[in-house]
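Listed below are the residues making up each chain.
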Amino acid sequence: MAAAIGGEDKVLATAQRIVQSLGNTSDTDDMLLIFSAFDNRLSTLSSFVENPSSAAGDESSATPSRFDDAERIILSHADSSSFPDNYLDAVDEIIQLTEELNLGTSDASEEVMERAENALQLAMTRLEDEFRHVLIQNTVPLDTERLHRSTLSSSAAAIAIAATEFFNGDASESLEDVSSGRYSNHSHGRGVSFGGDDMSLELIHPDALTELGVIADRMIRSGYEKECCQVYCSVRRDALEDCMSILGVEKLSIEEVQKIDWKSLDDKMKKWIQAVKIVVRGLLSSEKHLCEQIFDGSDLIKEVCFLETAKGCVMQLLNFGEAVAIGRRSVEKLFRFLDMYEALAQVLPNLQALFMDEDAGDMVCKEAQGVLDGLGEAAIATFVEFENAVQGEASRKPIQNAEIHPLARYVMNYAKLLGDYRNTLNLLLKNLDAETSESDRGNSNNSELESMSPFARRLSALMMSLESNIEEKSKVYEDVAMQYIFLMNNILYIVQKVKDSELRNLLGDNWIRKRRGLIRQHATQYLRASWTKVLSCLKDEGIGGGSSNASKVALKERFKNFNACFEEIYRVQTSWKVPDPQLREELRISISEKVIPAYRSFMGRFGSHLESGRHAGKYIKYNPEDLENYLLDLFEGTPLIIHHMRRKST
């Protein structure tokens, strides 16, 4: 600044010499007009025409002369809506003079000192208004189209809500809705992604930054840093509040949050998850950079201004997070708790970097850590509540056709989504006692359990609870064979959900192999329960000897009983549903391998005894090919009856 003032003195001295050389002529008047038009400070050169010797010989008169010009410029623009280009030069002149007066390096009178202080105060008031005006007029609205809007796990919310409705006994979704893919094959978006870097946002038009910087510099040099900071913080706080409103984040008390219905709260939680990343990595990061640009000359002021500007919107976000964390826990909230936890955990390092230089900033970071811990506790408590709900779900209504139980559908889709949060859940569960995972029926190897991650152990326990509950629900079917169909359907569904998701890596292939073995075991039990009586009709015992001397009466009874048993099984088991085509086909093949060879053999040995007699078709209704064709109708979920009592083919 001293160099700039020295340069101005040289310009003034040169202009003085030019005027003096012209003398008191008309050319002098023209030159004075030219100089005055160029710079108002040169209008005082007319004094050199009247008293050149005094002007040349008394350098101390230059200071009062420059002060007069500066004072005149400041006074003349005290109430104007704009000021000329040389206004800041006039302010610099006043600042320099007041600095010299305060240092005692000027012999100006007390009157000049008072005038300088008054002019400076007036100038600072004017600059304060201008600073506010430029800040407001050049604020850039938040560009929402630029921000990456999330598809934030709407399917996760749907599954959670459906599970809650099921556990509460008021589920309205049909099995077709559940199995149609509405809750599966979802795209689980998890909020706005900025990667690891901050997102630069333009908060103030770049053209205004220089002007704001020079005004702030002069206000700080003049001792008006408090007024400058107050203006900046007031304007920028309002701007950030507008941004929060655009992002859909409202100012709500804890009591107000507690009263919001779940649908509305879910929407607000989604917006919060988006907003916390945008605010911290976008708005606040850019706000801090803006402070650094405008208040480049003072580290203290830039930190104070940023803290006072930013902490309001941060606390608004944290207050909502705290209100959610301490609110009522229910299973539909688990994914939102986890999303909120992950969002805050991701930006916490950014937050700590932004607020690292102030005690008050440290308070903000501690508050954020507290809210993060609270969200983690809420997530785990809700997870435990979900585990308990699965274990305690006690509905006794049988599922039509022995199909997949809604509990299995909801739990497995819920568990699949939980797998997306495995890292977060492992972090939250690592210090939690996992006693419930030690008695996994299908995984009794303790060393294998110990090698699993905390979440994998809890997941294993959850699967055990689900399997136990499904087994208990199978007992509502009076038909033992139907129990095994129900168990096969549900266990296979669970296995497929595990196999086709991240759950496979968590539970392991050995877990899957054991469940497949259990399905094969149930298939064998089904065959025994359902077809033993049919096959007993095809045994030789009790028909009066070998094939040559068998009793026709006994044979008629045997064929009659076989037909009745087969037709009853056909009538009943065509209504049973095995949704998986591979399992359905394997069951039909297993039945065929048991029944068809036995029937063909029995027919070969004893069929001729009846075929030659009267009403043979009454007893021998089917040939082996007929039976094979009828077996293809089993497990389709459509009840059928064999109407014609005569053989389908001859």
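Residues numbered from 1 in each chain as written. Predicted model: local features only at pLDDT ≥ 70, side-chain atom pairs only at ≥ 80, totals over all residues. Heavy atoms only, no water.

(A) Spatial organisation of the overall build of the protein. Helix and strand content of the protein: 27 helices and zero strands. Looking at the protein as a whole, 49% of its 650 residues are labelled buried. Relative to all contacts within the protein whose residues are 6 or more apart in sequence, the contacts with residues 24 or more apart total 81%. With an accessible surface of roughly 30900 Å², the protein has 48% of that area assigned to carbon and sulfur atoms. (Helix = DSSP H or I, 4+ residues; strand = E, 2+ residues; numbered from the N terminus. Buried < 20%, exposed > 50% of the residue type's maximum accessible area, 1.4 Å probe, protein only. Contact = heavy atoms within 4.5 Å. Areas by Shrake-Rupley, 256 points an atom, 1.4 Å probe, with all protein chains shown as cover.)

(B) Structural context of the confidence of the model for the protein. The share of residues in the protein with pLDDT of 70 or more is 75%, and the mean pLDDT across the chain is 82. Per-element mean pLDDT across the protein ranges from 39 in helix α9 (residues 175–182) up to 97 in helix α21 (residues 480–499). Low pLDDT, under 50, characterises residues 434–444; the stretch is placed with 25 contacts to residues that sit more than four places away or in other chains. (pLDDT = per-residue confidence, 0-100.)

(C) How the structure looks around the side chain of T98. Relative to the helices and strands, T98 is located in helix α6 (residues 87–103). Classification of T98 by relative accessible area gives buried; the value is 9%. There is a polar contact of 2.7 Å between the side chain of T98 and the backbone oxygen of I95. Sequence-distant contacts of T98, that is, excluding residues within four places in its chain, are made with A116 and L120. (Polar contact = N/O pair within 3.5 Å; in protein donor to acceptor, adjacent residues only side chain to side chain.)

(D) Seen up close, the packing of aromatic side chains. Within this structure, the stated rule accounts for 17 aromatic pairs. Taking 6.3 Å as the distance between ring centres and 55° as the angle between the ring planes, the aromatic pair formed by F383 and F455 counts as tilted. Within this pair, whereas F383 is found in helix α16 (residues 359–392), its partner F455 is found in helix α20 (residues 454–474), the two being separated by 72 residues in sequence. By relative accessible area, F455 is classed as buried at 0%. Between the aromatic rings of F386 and Y414, the centroid separation amounts to 3.9 Å while the plane-to-plane angle is 15°, which identifies the pairing as stacked. Residue F386 is found in helix α16, and its partner Y414 is found in helix α17 (residues 406–420); the two are separated by 28 residues along the sequence. Of the two residues, F386 and Y414, neither departs from the other in class, the shared state being buried. What links up through ring pairs into an aromatic cluster is the set W531, F562, F566, Y570, Y599, Y622 and Y630. (Phe/Tyr/Trp six-rings, centres within 6.5 Å; stacked < 30°, edge-to-face > 60°.)

(E) Structural detail: the environment of G542. Relative to the helices and strands, G542 is located in the loop between α23 (509–536) and α24 (552–573). A residue is classified by how much of its surface remains accessible, and G542, at 69% relative accessible area, is exposed. When the C-alpha positions of G542 and L555 are compared, they lie 9.4 Å apart, and in sequence the two are 13 residues distant.

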